[in-house]
Amino acid sequence: MDISAQAAAAVDVPPAPASIHWIREPEALDQWLDRAPGKPLALDTEFERVNTFYPIPGLVQLGLDGGFCLVDPAVAEQSRRFREVLTDPETPKLLYAMSEDLELFRQWLNLEPAGVTDLQIGAAMAGAGFSLGYARLVETLFGETLDKSATRSDWLARPLSEAQQRYAIDDIRFLEPMYEWVTGLLRERGLEAALAEESTRFANELAGQEDPDSHYLKLRGGWTLTPQQQGVLRELVRWRELECQKQDRPRNRVLSDALLIAIAENMPGSQRELSNIQGVPSGAVRRYGDTLIELVSKGATADNSGLERIAPPLSRDQQGFFKQLKRLFRKAAEDADIPMELLAPRKRLEKVVQHRDLAQHEFFQGWRAQILAPVRADIEELLTS
């Protein structure tokens, strides 16, 4: 779809402010947030995450009822209304590509934002394409080219440069007009409620992925391990998640995925055996050796009969079936002008191939049921053939 042809001519875009407004006190932020109760709040953050497990908040950007402000994290975290608004499902929070922002709020403020709307998802539903970058969509819709030179700058340093502050404001200035454009198109398609539904589903999925007990399922390279070895891997991965949190260090700075899989595969019973595994650093053996051996023993002796297994790649027969199934989903996606990657992500479609009971899957619930209705009978026939 050529979104430029219907670009937001009827949508007002607030001009860049003549001066940057900073809120320096929590009480002032409380008052600023109360000036337009229930109206959509444009929201973005800047942070650093190079040598740490947790992102370090650097800046909060807010837009409300045509006004914009920048807030230092120390001020935002002391604001009672900021926390209340973030968790209020009745106040729409407008974000773009929100996964990292939501992770920051969970880990920094220990809260789960509610009422979030991801406008990157909304743009895809409106026909703009899957995973479209913010700057590109702004230029297409509103004809403004954003200066991205400050993208990789230091957001923890103070004072922020004029370029950084302008960049930060531009990251929220277009969110409300973008929301108006998206909701207008989705209303025409009968999908207005779908954006909130999918944004909430995506946010819940992201929160679930942070569970240390299930993180081993992300290590796709471990699919060849036996159930016993995968039980060991689960113990090792859970330990690493908690250790990274305790030390506030990136995962690879403790032990990489590949090394955890190698340890689970070899199931060492002593530090000597652990040292003989290729690639395991001697420093890791000295620091974590006893703990790792205990974890291997615990995982190896546990009852792993009911353990959820890491999904294997599709077999040759399954790949042929996958292509047939994908063809039906793609037809529905093209007819509705919805990106296939949004309607039926590959990993979710693979799960349908591996577990053909549709009751286990969510494709025929919510907004997807509406899109897939024309091909539902064909999909069910294929799955039961």
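Residues numbered from 1 in each chain as written. Predicted model: local features only at pLDDT ≥ 70, side-chain atom pairs only at ≥ 80, totals over all residues. Heavy atoms only, no water.

**Let's talk about the UniProt feature "domain: HRDC" (unreviewed entry) in the protein chain**
At step 1: Per the UniProt entry, the sites bearing "domain: HRDC" (unreviewed entry) are residues 226-306 in this numbering.
At step 2: Helix and strand shares over residues 226-306 are 74% and 0% respectively, and the end C-alpha atoms of the span are 13 Å apart. (UniProt positions renumbered as here; feature names shortened; annotations may be inferred. Helix = DSSP H or I, 4+ residues; strand = E, 2+ residues; numbered from the N terminus.)

**Topic: the sheet that holds strand S4 (residues 67-71)**
At step 1: Strand order in the open sheet formed by six strands is S1-S4-S3-S2-S5-S6, and the pairing between neighbours is mixed. The open sheet terminates on both sides in strands that have one partner only, identified here as strand S1 (22-23) and strand S6 (116-118).
At step 2: Relative to strand S5 (residues 93-95), strand S2 (residues 41-48) runs parallel, the two being bridged by two bridges. Looking at the pairing, leucine 41 lines up with lysine 93 of S5.
At step 3: Of the strands in this sheet, S2, strand S3 (56-64), S5 and S6 are in contact with helix H4 (residues 99-109), which crosses S2 at around 75°. (Pairing = 2+ DSSP bridges. Contact = heavy atoms within 4.5 Å. Axes fitted to C-alpha atoms, helices over the stretch in contact; angles between N-to-C directions.)

**Looking at the packing of aromatic side chains**
At step 1: Applying the stated criterion across every chain yields a total of seven aromatic pairs.
At step 2: Measuring from ring centre to ring centre gives 6.2 Å for phenylalanine 82 and phenylalanine 105, while their planes differ by 65°; the resulting arrangement is edge-to-face. Of this pair, phenylalanine 82 sits in helix H3 (residues 80-86) while phenylalanine 105 sits in helix H4; the two residues are 23 residues apart in sequence, bridging distant segments of the chain. The burial state of phenylalanine 82 is the same as that of phenylalanine 105; both residues are buried.
At step 3: Ring-pair connections join several aromatic residues into one group, and the members of that group are Phe82, Phe105 and Trp108.
At step 4: Taking NZ or CZ as reference, arginine 356 lies 3.7 Å from the ring centre of phenylalanine 321, over its face. (Phe/Tyr/Trp six-rings, centres within 6.5 Å; stacked < 30°, edge-to-face > 60°. Buried < 20%, exposed > 50% of the residue type's maximum accessible area, 1.4 Å probe, protein only. Lys NZ or Arg CZ within 6 Å of the ring centre and 35° of its normal.)

**Overview of the pairing of S4**
At step 1: Buried residues dominate S4, accounting for five of its five residues.
At step 2: Side chains Gly67, Cys69 and Val71 of S4 all project onto a buried face; the interleaved residues Phe68 and Leu70 project onto the opposite face, where all are buried too.
At step 3: Inspection of the sheet shows S1 paired to S4 by two bridges, in the parallel sense. Residue isoleucine 23 lies in a different strand from S4, and its bridge partner there is valine 71.
At step 4: In the sheet, S3 pairs with S4 via five bridges, with the strands oriented antiparallel. The residue of S4 that forms the bridge with leucine 64 is glycine 67.

**Examining helix H1 (residues 26-33)**
At step 1: Considered for burial, the residues of H1 that qualify are Pro26, Leu29, Asp30, Trp32 and Leu33. The buried side chains of H1 occupy one side of the element, clustering within an arc of 165° when seen end-on.
At step 2: Taken together, the buried residues of H1 touch S1, S2, S3, S4, helix H2 (73-76) and H3. (Arc of directions from axis to C-beta.)

**So, the environment of tyrosine 96**
At step 1: With respect to the helices and strands, the residue tyrosine 96 is situated in the loop between S5 and H4.
At step 2: Sequence-wise, tyrosine 96 and alanine 42 are 54 residues apart; in three dimensions their C-alpha atoms are separated by 9.4 Å.
At step 3: Apart from the residues lying within four places of it in its own chain, the contact partners of tyrosine 96 are Asp101, Asp118, Leu119, Gln120, Ala123, Leu132, Gly133, Tyr134, Leu137, Leu175 and Met178.
At step 4: Among the polar contacts made by the side chain of tyrosine 96, one reaches the main-chain carbonyl oxygen of leucine 132 at a distance of 2.7 Å. (Polar contact = N/O pair within 3.5 Å; in protein donor to acceptor, adjacent residues only side chain to side chain.)

**Regarding helix H19 (residues 376-384)**
At step 1: Considered for burial, the residues of H19 that qualify are Ile379, Leu382 and Leu383. When H19 is viewed along its axis, its buried side chains cluster within an angular range of 95° and face the same direction. When the buried face of H19 is taken as reference, the exposed residues oriented beyond 90 degrees from it are Ala377, Glu381 and Thr384.
At step 2: Against helix H15 (316-336), helix H17 (346-354) and helix H18 (366-372) lie the buried residues of H19.

**Concerning the side chain of arginine 368**
At step 1: In this structure, arginine 368 sits in helix H18.
At step 2: You can call arginine 368 buried: its relative accessible area is 2%.
At step 3: In contact with arginine 368, other than residues within four places in its own chain, are Glu198, Arg201, Leu342, Leu343, Arg348 and Phe363.

**Here's the deal with the environment of leucine 307**
At step 1: Relative to the elements of secondary structure, leucine 307 occurs in the loop between helix H14 (282-301) and H15.
At step 2: We classify leucine 307 as buried; its relative accessible area is 9%.
At step 3: Taking C-alpha positions, leucine 307 is 32 Å from tryptophan 108, a pair spaced 199 residues apart along the chain.
At step 4: Apart from residues no more than four positions distant in its own chain, leucine 307 is found in contact with Tyr216, Pro227, Gln230, Gly231 and Arg234.

**Describing the side chain of glutamate 241**
At step 1: Note that glutamate 241 resides in helix H10 (residues 227-247).
At step 2: Judged by its relative accessible area of 2%, glutamate 241 is buried.
At step 3: When neighbours within four sequence positions are excluded, glutamate 241 is seen to be in contact with Phe53, Pro212, His215 and Arg251.

**Some details on the pattern of salt bridges**
At step 1: Under the counting rule described, the total for this entry stands at 29 salt bridges.
At step 2: With a closest N to O distance of 2.9 Å, arginine 49 and glutamate 103 form a salt bridge. Of this pair, arginine 49 sits in the loop between S2 and S3 while glutamate 103 sits in helix H4, placing them 54 residues apart in sequence.
At step 3: Judged by relative accessible area, arginine 49 falls into the partly exposed class, the value being 32%.
At step 4: Exposure remark for glutamate 103: the relative accessible area of 16% places this residue in the buried category.
At step 5: Arginine 220 serves as the salt-bridge partner of glutamate 350, at 3.8 Å between the closest nitrogen and oxygen. A residue pair is termed long-range when its members are at least 10 positions apart, and glutamate 350 in helix H17 and arginine 220 in the loop between helix H9 (192-208) and H10 qualify at 130 residues.
At step 6: One connected set of salt bridges, linked through shared partners, spans Asp34, Arg80, Arg81 and Glu84. (Salt bridge = Lys/Arg side-chain N within 4 Å of Asp/Glu carboxyl O.)

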